[in-house]
Amino acid sequence: SLVVADTGDIEAIRRYQPQDATTNPSLLYKAAQLPQYQQHLKDALAWAEKSGGDVIAQASMKLAVSIGKEILQIVPGVVSTEVDARLSFDTRASVEYARKLIALYEQDGVARERVLIKLASTWEGIAAASVLEREGIHCNLTLLFSQCQAVACAEAGVTLISPFVGRILDWYKASTGRDDYTAADDPGVLSVTRIYEYYKSRGYPTIVMGASFRNTGEIEALAGCDKLTISPQLLQELQDDDGELAEGLGGDITAQSKPEAPLSEA
Ligand code: E4P
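Computed from a prediction, not measured in an experiment: that's the story for all the values here.

Account for the site of the ligand, naming residues and giving values.
In the vicinity of the ligand, the contacting residues are Asp 6, Thr 22, Asn 24, Thr 142, Ser 162, Phe 164, Gly 166, Arg 167, Ala 211, Ser 212 and Thr 229. Class assignment of the residues belonging to the shell around the ligand gives a composition of 2 nonpolar, 7 polar and 2 charged.

Shown next as structure tokens:
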């Protein structure tokens, strides 16, 4: 698997040298507290005040792009920048927001090919991605918890999906009260495995990037997936385990994460 850093923290990205990076509003909020981004924050606010409209929304958009641009100085691949989650059930507003993000990147000299627009995998988000992909704006469909969302994304021709692991486990633990999962029967790992296998058996070109990890066991179980986006804390734990983070995480997702009873038979 290609390693992707799930952070807006530039120092962490320098340290772990991932292929790509993914951001989301809460990661950017955290990153915005870092000393190296204080000037970006001031510039984004000044820009938003001049642009008019909702200053906070405008400043967040501008800040996301300036942090994304910084990240692209370091990673060789792409950066994911998310559309405001409040628009997740509005296709037209999501498309407009994504076009604005791409226009801001392009004004700053960044080619659209280096950006993935992150959208929630709602019906409306997937419809927005289908429009954007036809304009050459590549999309990363996030908050993806099920095979039917994954199939809808592939049929819409999206560039990449981020099926979640940890949030499925969080839900499972909270709803069953159980806390005795291993990577082999972790419901989040099983969900991503099933999606990955389905995609590969159908020959879908959409990239599968496992996301939302809670421990290194989940990451190791999904090694071999196209990409994995991992927080700096877990990247550090992987490095501590292996000495160094290899170019990527090798492995065969199909062999490593076969559940005792395949989900298809459950
Ligand atoms: C990445 O694309 C996601 O935003 C991230 O992995 C979510 O992780 P969380 O479930 O820990 O918030």
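Additional details are given in the paragraphs that follow.
Lay out the sheet that holds strand β5 (residues 139-144) in plain terms, naming residues and giving numbers.
With parallel pairing, the 8 strands of this closed barrel are ordered in space as β1-β2-β3-β4-β5-β6-β7-β8. Averaged over all neighbouring strand pairs, the angle between strand axes comes to 30 degrees, with direction disregarded. As paired elements, strand β6 (residues 160-163) and strand β7 (residues 207-210) share 2 bridges and run parallel to each other. Residue pairing in the sheet places Ile 161 in a bridge with Val 208 of β7. Packed onto the sheet, helix α5 (residues 91-107) meets β3 (79-82) and β4 (115-120) and runs at close to 160 degrees relative to β4.

Hey, could you go over the confidence of the model for the chain for me, with residue numbers and the actual values?
For the chain, the mean per-residue pLDDT works out to 92, and 93% of the residues sit at or above 70. Below a pLDDT of 50 lies the segment residues 256-266, which in the model reaches 15 contacts outside its immediate sequence neighbourhood of four places, other chains included. We note a pTM of 0.92 for the whole complex and an ipTM of 0.97 for its interfaces.

Which residues make up the pairing of β6, and what values do they have?
The side-chain alternation of β6 yields two buried faces, one formed by Leu 160 and Ser 162 and the other by Ile 161 and Pro 163. Bridge count between β5 and β6: 3 bridges; the pairing is parallel. In the strand pairing of β6, Asn 140 is matched with Leu 160. As a crossover connection, the stretch from β5 through helix α7 (residues 147-155) into β6 is right-handed.

Could you give an account of helix α3 (residues 38-51), naming the residues involved and the relevant values?
A rise of 1.5 Å per residue sets the reference length of α3, with its 14 residues, at 20 Å; its end C-alpha atoms lie 20 Å apart and thus fit the reference within 8%. Immediately beyond the C-terminal end of α3, within one or two residues, lies Gly 52, with a positive phi of roughly 80 degrees.

So what about unusual backbone geometry? Which residues, and what values?
Peptide bonds are mostly trans, and most non-glycine residues show a negative phi. The phi torsion at Leu 143 lies on the positive side, around 50 degrees, for a residue other than glycine. Tracing the sequence through the fold places Leu 143 in strand β5.

I'd like a description of the packing of helix α8 (residues 166-176) against helix α9 (residues 187-202), backed by residues and values.
Axis separation between α8 and α9 bottoms out at 7 Å; the angle between their running directions is 135 degrees. What the angle tells us is that α8 and α9 run oblique. The interaxial crossing formed by α8 with α9 has right-handed handedness. Contact with α8, carried on its side by Gly 166, Ile 168, Leu 169 and Tyr 172, involves Pro 187, Gly 188 and Ser 191 of α9 and no other residues of that element. Considered class by class, the residues forming the contact of α8 with α9 number 4 nonpolar, 3 polar and no charged.

About the criteria used
Residues numbered from 1 in each chain as written. Predicted model: local features only at pLDDT ≥ 70, side-chain atom pairs only at ≥ 80, totals over all residues. Near = placed C-beta within 6 Å. Nonpolar A, V, L, I, M, F, W, Y, C, P; charged D, E, K, R; others polar. Pairing = 2+ DSSP bridges. Helix = DSSP H or I, 4+ residues; strand = E, 2+ residues; numbered from the N terminus. Axes fitted to C-alpha atoms, helices over the stretch in contact; angles between N-to-C directions. Contact = placed C-beta atoms within 7 Å. pLDDT = per-residue confidence, 0-100. Buried ≥ 20, exposed ≤ 12 C-beta atoms within 10 Å, placed from the backbone. Right-handed = clockwise from strand over helix to strand, strands pointing away. Expected span 1.5 Å × (residues − 1). Parallel < 35°, antiparallel > 145°, perpendicular 65-115°, else oblique. Left-handed = near helix turned anticlockwise from the far one by under 90°.

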